[in-house]
Structures are given as C-alpha cells and as structure tokens.
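Fold and geometry: a report
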Amino acid sequence: MPYYAQIDAEGICFAVTQTAGEINRADMIEIDSLDESILLKKYVNGAWETVPEEPQTEPEPPK
Amino acid sequence: MFGMMEAMLSFLRRQVGLRTDSASATGSAHAKLAYIAGKEIVANGSAIKSIQRGTIVLSDNQTSKAATISPVITEKTMLSFLGASSRGQTETTKYDKTGHHFVRISLTNSTTVTANREYNGEEPATVSYEVIEFY
C-alpha cells in the first residue's frame, strides 16, 4: 500500500496517508512510510525543509 | 419397493446436485456451496476490503482541512478517530486554552476525510484516523 504526503498551495505538508491504491494528483507526493515528521514541512525540489515558526507573543502579566 | 428407492435417490440427487451446478442461493447443495465460495468475504478470507490510515494537521490559523484517500464506498466504510494532539496555549480564558484541541473528523465523500475544529487558538492540531472499507 503506497504512502503519500499531501501539500497545500505553498508546498507545506498538511497530511500523510497510507492509501489503498495509487493516487495521481499534483498535490500528493509519494513517500516511503507514514512519516509524520514531515508534517508542516515545505516540499522544495524533492526535499522537505523546516519552515521557521513565527515567534509567539507572551501574554501581558496581570496588572 | 424399487419405485420408492428410486424416488428417494432422485430426491437426493436434486437436493445435493452436481459439482458442475452453477452458483445459486436457492439451488442444490452444490450450487449453494459455489454461491458461498464466490462471496468476496470467503474468497478473500476477510470482510475487510481495505484499510487506509492518515494524519492531518490543522495549522495555526485553520479550523478545517481535507485529506485525500483512495476511493471507498461510503455506505460500506467506517472512519475511526485515533486521537488528536495540540500544544498548550497562553491565552487568558479557559475556552481559548482548550478549544483548539477538540477536533472531529468526517468521511466527507468517497475520497475525502475532513478534520474540523471550532476554534484555532492560533495553534496547530494534529489528528490521526483510520478508514476501513468492508465488502
């Protein structure tokens, strides 16, 4: 059974799936296993690149 | 006496039938066996036609995301929720801290599993599922 990573318009992986059969879609990249570590990574020239997270703002302390 | 034996043998032949009888749910015993043996559940040794598994991430600004699967017959398919996870959040109200965790999934159509949540909380959430299709 094949494995796929699904990417959005920006190339970010938002799903990994073990399917019952082959799927031919431009947004479905065949991968070797159900590798969840590539989730939220960007697919660039056949490789998965980590996308830097935007820094979170700390909540203001109560006055 | 001979006539009665002949009648009984004839009855048995009709009931048991021949190995060459074509499959039928209402025919001879041979025909019924061929009918049962031809069922996909018996032929494949399982009532399960296919199993698909996956994980979907709702990124920090999303409340819905759809993943593609191989085609299934929705009437013969069940979708299992395997769990969801998300980071904690540093907002001030209780709803904000927990709302983004609660994710539900649905088999939207024959090739789509959709994950939804009411509130994104500006945090990603990850949900795993399993799609089991039966014959």
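Residues numbered from 1 in each chain as written. Chains lettered and ligands numbered in written order. Predicted model: local features only at pLDDT ≥ 70, side-chain atom pairs only at ≥ 80, totals over all residues.

1. Considering the overall build of chain A
The number of helices and strands found in chain A is zero helices and five strands. For chain A, the succession of helices and strands along the chain, N to C, is β-β-β-β-β. The burial tally for chain A puts 19% of its 63 residues in the buried class. Taking all contacts inside chain A whose residues are at least 6 apart in sequence as the whole, residues at least 24 apart take part in 40%. (Helix = DSSP H or I, 4+ residues; strand = E, 2+ residues; numbered from the N terminus. Buried ≥ 20, exposed ≤ 12 C-beta atoms within 10 Å, placed from the backbone. Contact = placed C-beta atoms within 7 Å.)

2. Quick word on the interface of chain B and chain A
With 18 residues of chain B at the interface, the matching set in chain A holds 17 residues. Going through the elements one at a time, strand S1 (48-58) and strand S2 (64-68) of chain B are the ones with two or more residues in the side of chain B that touches chain A. Per-element accounting of the side of chain B that touches chain A gives the leading share, seven residues, to S1 of chain B. Inspection of the sheet shows strand S2 (residues 13-18) of chain A paired to S1 of chain B by four bridges, in the antiparallel sense. Its bridge partner being in S1 of chain B, Val16 of chain A is matched across the sheet by Thr55 of chain B. (Pairing = 2+ DSSP bridges.)

3. Considerations on the sheet that holds strand S1 (residues 3-7) of chain A
Strand order in the open sheet formed by six strands is S3(A)-S1(A)-S2(A)-S1(B)-S6(B)-S3(B), and the pairing between neighbours is antiparallel. Edge positions in the sheet fall to strand S3 (28-31) of chain A together with strand S3 (77-86) of chain B, since each has one partner strand and no second. Between one strand axis and the next, the sheet turns through 20° on average, direction left out of account. Sheet analysis places S1 of chain A next to S3 of chain A, joined by four bridges and oriented antiparallel. (Axes fitted to C-alpha atoms, helices over the stretch in contact; angles between N-to-C directions.)

4. Some words on the pairing of S1 of chain B
Across 10 bridges, S1 of chain B lies against strand S6 (residues 125-134) of chain B in antiparallel orientation. Residue pairing for S6 of chain B: Val57 of chain B is matched across the bridge by Thr126 of chain B.

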